[in-house]
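Results of the structural survey
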Amino acid sequence: MDPQTVFCPNSACPASGQVGKGNIGVQSLKERRYKCHVCGKTFAETKGTVFYRLRTATDLVVVVVALLAYGCPVQAIVMAFGLDERTVQSWQTRSGKHCQGVHEHLVERPHDLGQVQADEIRAKIQGGILWMAMAIQVQTRLWLGGVLSTSRDMQLIVALMQKVRHSTLGRSLLFCVDGCPA
Ligand SMILES: [Zn+2]
């Protein structure tokens, strides 16, 4: 545990969100809890992470989420690790929400984007198809995000453009299409 790398998660605390200010101490090594000396609140090492209040070893959760991310079927994971299907699905949901939060915090903020390119892929899912439209900044290959829809329509494109707009400096955008019926 390293108190220099964490911050107080209490949003009412004056030191909330500040790393390396010396206000955090280790409350309990056994229970893996920190204490903020400004507001006096204690918090778990895993607070604000995917692992918060999970009873499973973090190593196993990391392995399972990595397998899911690379397309391993849930049923294969359930069989291989002896896990409940709902457990695996809840880890997937938690991880997805966490990644979305990190993406919104780090990527969906004003950048000087220059040129952006967007495209969509057609994915087969159980009982149908799904379109995923994605955009990247050309110069740095920074992935700006993706949006999903059951049809390749105007709604999908507008949703993606709004995502791109969130990452711009608020200047005018020139939007060009190539063979897009919508
Ligand atoms: Zn605090």
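Preceding this section is the structure that the text describes.
Scope of this entry: the structure provided in the associated data block.

Thresholds, definitions, all that
- Residues numbered from 1 in each chain as written.
- Predicted model: local features only at pLDDT ≥ 70, side-chain atom pairs only at ≥ 80, totals over all residues.
- Heavy atoms only, no water.
- Helix = DSSP H or I, 4+ residues; strand = E, 2+ residues; numbered from the N terminus.
- Rg over C-alpha atoms; globule rule 2.2 N^0.38 Å.
- Buried < 20%, exposed > 50% of the residue type's maximum accessible area, 1.4 Å probe, protein only.
- Contact = heavy atoms within 4.5 Å.
- Areas by Shrake-Rupley, 256 points an atom, 1.4 Å probe, with all protein chains shown as cover.
- Pairing = 2+ DSSP bridges.
- Axes fitted to C-alpha atoms, helices over the stretch in contact; angles between N-to-C directions.
- Donors = N, O, S within 2.8 Å, 3.2 Å for Na, K, Ca; no water.
- Tetrahedral: all angles 85-135°; square planar, octahedral: opposite > 155°, others 65-115°.
- Expected span 1.5 Å × (residues − 1).
- Arc of directions from axis to C-beta.
- Parallel < 35°, antiparallel > 145°, perpendicular 65-115°, else oblique.
- Nonpolar A, V, L, I, M, F, W, Y, C, P; charged D, E, K, R; others polar.
- Core = buried A, V, L, I, M, F, W, Y, C linked by side-chain atoms within 4.5 Å.

**Some thoughts on the overall build of the protein**
A tally of helices and strands in the protein yields four helices and six strands. Put simply, the protein runs from its N terminus to its C terminus through helices and strands in the order β-β-β-α-α-α-β-β-β-α. For the protein, whose C-alpha radius of gyration is 21 Å, the value lies well above the compact-globule estimate of 16 Å for 182 residues. Overall, the C-alpha framework of the protein stretches about 60 × 50 × 25 Å when taken along its three principal axes. For the protein, buried positions account for 24% of its 182 residues. The long-range fraction of contacts in the protein, counting pairs at least 24 apart against all pairs at least 6 apart in sequence, stands at 34%. Entry remark: accessible area of the protein is about 12,500 Å², with carbon and sulfur atoms responsible for 54%.

**Some details on the sheet that holds strand β4 (residues 116-125)**
Pairing is antiparallel in the open sheet, where three strands are placed in the order β4-β5-β6. Since the sheet does not close on itself, it has two edges, and those belong to β4 and β6 (143-149), each with one partner. Ignoring which end each strand starts from, the neighbouring axes of this sheet average 20° apart. In this sheet, strand β5 (residues 128-137) lies alongside β4 in antiparallel orientation, the contact comprising 10 bridges. Considered in β5, the bridge of D119 is made with M134. Of the strands in this sheet, β4, β5 and β6 touch helix α4 (residues 154-166), which is tilted by about 155° from β6.

**Brief notes about the coordination of the zinc ion**
Taken together, C8 (SG), C13 (SG), C36 (SG) and C39 (SG) make up the full set of protein donors to the zinc ion, lying 2.3 Å away. Each of the four donor atoms bound to the zinc ion contributes to angles spanning 106 to 115°, and the resulting shape is tetrahedral. All donor residues of the zinc ion come from one chain, and their arrangement in sequence is C-x4-C-x22-C-x2-C. Each member of the pair, C8 as well as C13, carries the same accessibility label: buried.

**So, α4**
With 13 residues, α4 should reach 18 Å at 1.5 Å per residue; the first-to-last C-alpha distance of 18 Å fits that figure. Considered for burial, the residues of α4 that qualify are L156, I157, L160, K163 and V164. Mapping the buried residues of α4 onto a view down its axis gives an arc of 120°, with all of them on the same face. Across from the buried face of α4, at angles greater than 90 degrees, the exposed residues are Q155 and H166.

**Section: the packing of helix α1 (residues 58-69) against helix α3 (residues 85-106)**
Working note: a packed helix pair is described by the angle between its axes plus the distance between those axes. Taken N-terminus to C-terminus, the directions of α1 and α3 make an angle of 80°; their axes are 10 Å apart at the nearest point. Classified by the angle between their axes, α1 and α3 sit roughly perpendicular to one another. Here L60, V61, V64, V65 and L68 of α1 lie close against α3, whose contacting residues are V88, W91, Q92 and S95. When the residues that make up the contact of α1 with α3 are grouped by side-chain class, the tally is seven nonpolar, two polar and no charged.

**Overview of the nonpolar core**
Ranked by size, the top nonpolar core spans 10 residues in total: V107, L113, W131, A133, A135, L144, V147, L156, L160 and V164. Secondary-structure elements contributing two or more residues to this core are β5, β6 and α4. When neighbours within four sequence positions are excluded, V147 is seen to be in contact with W131, M132, A133, L156, A159, L160 and K163. Ranked by size, the runner-up nonpolar core spans nine residues in total, among them V64, L68, I77 and L83.

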